[in-house]
Amino acid sequence: MLDALTGLTTRRPWWVLAIAFLAVIGAVILGSGVADRLRAGQGTEDPSSESALAAEILEDHFPDGRPNLILLVTAEEGVDDREVAARGLGLAEGLAYEDAVAGVTSYWQTGSDELKSDDGTRALIAAHVSGTEAEAGEAVADLAERYGGDHGPLTVGVGGQTAVLNDIEATIAEDLIRSEMIALPLTLLILVWVYGSVVSATLPLLVGVVSIIGTNAVLWAIAGFTDVSVFAQNLTIALGLGLSIDYALLMVRRFRAELASGAEPSAATLTTVRTAGRTVVFSALAISAALIAMLFFPLYFLRSFAYSGVTVVLLAALTSLIVLPAVLTLLGPRVNALDPRRLLRRGSALSPEEAADRRWGRLTRTVMGRAPVFALVALTLLIVAGLPFLRVEFGMADDRQLPAGVESREVMDTIRTDFGSTATGAVDVLVHEAPEDTDTELLDDYVGALSRLDHVEEVRSPLGVHIDGAHLRERTPVDALRESEDLAYIQVLPDAEVEDISPESQNLVRDIRAVDTPLEVSVAGQAAAVVDAQEAIAERIPLALTVVVAGMLVLVYLLTGSVLLPVLSVLFNALSLTAMFGAVVWVFQDGNLSGPLGFTPTGFIDTALPVLMFCIAFGLSMDYGVFLLARMREEYDRTGDHRAAVELGLRRTGGVITAAAVALAVVLIVIGASRVTNTMMLGWGVALAVIADATVVRCLLVPSVLRMTGRATWWAPGPLRRFHRAFDATLGENAADPARVPAGPSPVVPPPVAERDAEPVRENAEVARARD
């Protein structure tokens, strides 16, 4: 299969590049408008949940009670001043006549103290803008231009959920442009140093640009029939550049090594695709298996990352297997051109590769020589780093993920501090088939039970009128409690101790749902959406984990033919994530480093974010694991010596893995420099996981554990061993490296000059196996 693919690229390289160029041009045209199709909404709600279905009904029948646009009116004379009141009432009435506005409520219409600040200098105008999320966003942007700013003695700030989403979308778009401008040249400098060639260093960027452009085109198409989050673009850039660096680094290094051994460019390309290309295939499948798990969750925030992640992974792999070999065939020895490191190597007898090989050899022998000690140290470091995650609290990201200074964020901050949580933190309760006027006792009893719950300030109608037994019988106002469809809408206002989205508000939702009543009721609101999202995620996590783990076990077995290595690989990858999860809680939930990083801690983590970070980081860890295990297996098949296979595998791939991890971490950190907290958390968290995996796990834990497992590492029962041999033959694995099945004793491949005396003589694989 790989031979046939390589034959095409080596015989017709110009045709391959021409077709690829036309495809990229088409993708540029198609994907240029992708940002306009992506949704800026949180996407962390279960659309089939109780809260989501109730929200749809409330949206249709009680829009006044669910405002998504808030005007914060400030007047130094006080909002009760006659001129100020006249101007404020005029603003509210003018807003009510806008075509896109379904309902308006203001302080000057209702006189409600909840809509006036404690010092009396600010008041709120709350409106509901109808339409889809995109339509509402456009309408709010237009209304903000006309209603925001100064209006005589009034100063108007624009906030609310839709305004916040507009600002998130605009901030992410600006951050993406900045990230690309920083990440690309910085990555190029790293790659020039790693490759020692300007020509070689440009190849990963070529693969990355092609995969990113292609992914944008695919997202444009997907967004035409399903919701895709704007946050998915961040993953496209991070994985597009990161995996392109990984795959191109692996391919180019093998190609250069084949050229150095005297092979012709076409033959070097063929061997490169057979060996390094095989590793790329397994890596892409492993990462895709981890990302596909997010499709099992109903939250479109997570599903969006599956769409973008799987697409960019497959495109990076295909570009590395088709376009890159064509480029390498045409370049030939010129792939090594323009080496800026020559000036630094003057007077040195060793090349950078040889020097690195010596360092990795010494490290590996040291770790394997004291395997139990290093295994214990690595496990202790990872477990201690992950302990903060035991106190994680989940919530839903709000306007505070925007940077300070953004208008919608400032408006919502002012509401929180000057108006109290009841202005925005009400829990919505929808009563289906409300009782008739002559039979209101059931609703009366239910409202009374709600008012007696802990942390409940009051129970009211959507227009802010307090209701209890007496007020309920008066049926005032009737239109707030009833519609023609016999629906009743009640709002439960928490006290000042309960923030809008917090563990306390979530407990209040659970208490409301636990109230015993014969009425059919549904609970909605932001806190209810968080509770439902947590339940949806918890319900589907076992299935997602089963798919991820099963996929990894099968892929590692197919790669190595071992029964033990797949299990160890899953455990290694899981341990590499502990530092990430612990750091996320310590930094972003607890607020440590919030000053230097420039974010506002909320005391909780977005419910969906740990799932996303797990899938991405687990897949990337598997990527490095495939690199290492593939080379170890190759060395074991060649020599039959387990200890030598582990040592040589780490020596030959340690530099590749470290260089790839550093380059990917730099890209992730640049993405993590975003001003949006969720993006910042994703970038910094996954970068830490990548670094921990490439250092503590791959350098210390893997060689020490494999030293202790010995030759049992490669054992498999007879049927599985025979199946694996047949699988290798199907891939043409034996043809890929003649040393895999030598006719006689295999020649020993000499190590670098400085280590030849210390290198043990390897036995032929077949001889060693026959003896065992």
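Residues numbered from 1 in each chain as written. Predicted model: local features only at pLDDT ≥ 70, side-chain atom pairs only at ≥ 80, totals over all residues. Heavy atoms only, no water.

Details of the sheet that holds strand E7 (residues 427-432)
This is how it is decided: Only strands that DSSP links by at least two bridges are regarded as paired with each other. The helix and strand labels rest on DSSP assignments: H or I over at least four residues marks a helix, E over at least two residues marks a strand, and numbering proceeds from the N terminus. Axis geometry follows a simple rule: fit a line to the C-alpha atoms, using only the stretch in contact for helices, then measure angles between N-to-C directions, giving values from 0 to 180 degrees. What makes two residues a contact is simply this: any of their non-hydrogen atoms within 4.5 Å.
On the basis of which strands lie adjacent, the open sheet formed by four strands has the order E8-E9-E7-E10 and antiparallel pairing. Among the strands making up the open sheet, the edge pair consists of strand E8 (456-460) and strand E10 (520-524). Going across the sheet, the axis of each strand differs from the next one's by a mean of 25°, ignoring polarity. Judged from the four bridges that link them, E8 and strand E9 (residues 487-494) form a sheet pairing that is antiparallel. Along E9, the bridge assignment pairs Val456 with Pro494. This element, helix H17 (residues 441-451), spans E7, E8, E9 and E10 of the sheet and lies at about 155° to E8.

Observations regarding the confidence of the model for the chain
Note the cut-off: Confidence of the predictor at the level of single residues is captured by pLDDT, which takes values from 0 to 100.
In this model, the chain carries an average pLDDT of 80, and 85% of its residues clear a pLDDT of 70 or more. For the stretch residues 463-484, pLDDT sits under 50, and the model shows 47 contacts to residues farther than four places along the chain or on other chains. For residues 734-772, every residue scores under 50 in pLDDT, and the model assigns this stretch 56 contacts once sequence neighbours within four places are set aside.

Digging into helix H26 (residues 642-672)
The α-helix advances 3.6 residues per turn, and as a result positions three or four apart in sequence lie on the same side. Put simply, the rule is: A residue's bend is the angle separating two fitted axes: one through the seven residues that end there, the other through the seven that start there. For each residue, the accessible area found with a 1.4 Å probe, counting protein chains only, is set against the maximum for its type, and the residue is called buried under 20%, exposed over 50%, and partly exposed in between. Side-chain atoms alone can form a polar contact between residues adjacent in sequence; in general such a contact is a pair of N or O atoms within 3.5 Å, and within protein one must be able to donate a hydrogen while the other accepts it.
Along its length, H26 shows its largest kink, about 45°, at Thr653. Counting buried positions over the 31 residues of H26 gives 26, a clear majority of the element. Between a side-chain oxygen at the N-terminus of H26 and the backbone nitrogen of Arg643 the separation is 3.1 Å; the capping residue is Asp641.

What about a nonpolar patch on the surface?
Selection criterion: Like-charged residues are merged into a patch within 9 Å and nonpolar side chains (Val, Leu, Ile, Met, Phe, Trp, Tyr) within 5 Å, provided each residue has over 30% relative accessible area and no salt bridge. Calculation of accessible area relied on Shrake-Rupley with a 1.4 Å probe; when residues are assessed, cover is drawn exclusively from the protein chains displayed. For this analysis, a salt bridge means a side-chain nitrogen from Lys or Arg found within 4 Å of a carboxyl oxygen belonging to Asp or Glu.
Where nonpolar side chains cluster on the molecular surface, the patch consists of Ile177, Met181, Ile182, Leu186 and Leu189 and spans about 500 Å² of accessible area. Mapping Leu189 onto the fold places it in helix H8 (residues 161-195). With relative accessibility at 60%, the residue Leu189 sits in the exposed group.

What to know about the sheet that holds strand E5 (residues 154-159)
Taken in spatial order, the five strands line up as E2-E3-E1-E5-E4 in an open sheet, and their pairing is antiparallel. In the strand order of this sheet, the two ends are held by strand E2 (101-106) and strand E4 (149-151), each with one partner. Strand-to-strand twist across the sheet, computed as the mean angle between neighbouring axes with direction ignored, equals 25°. Here E4 runs beside E5; their pairing, made up of three bridges, is antiparallel. Paired with His151 across the strands is Leu154, a residue of E5.

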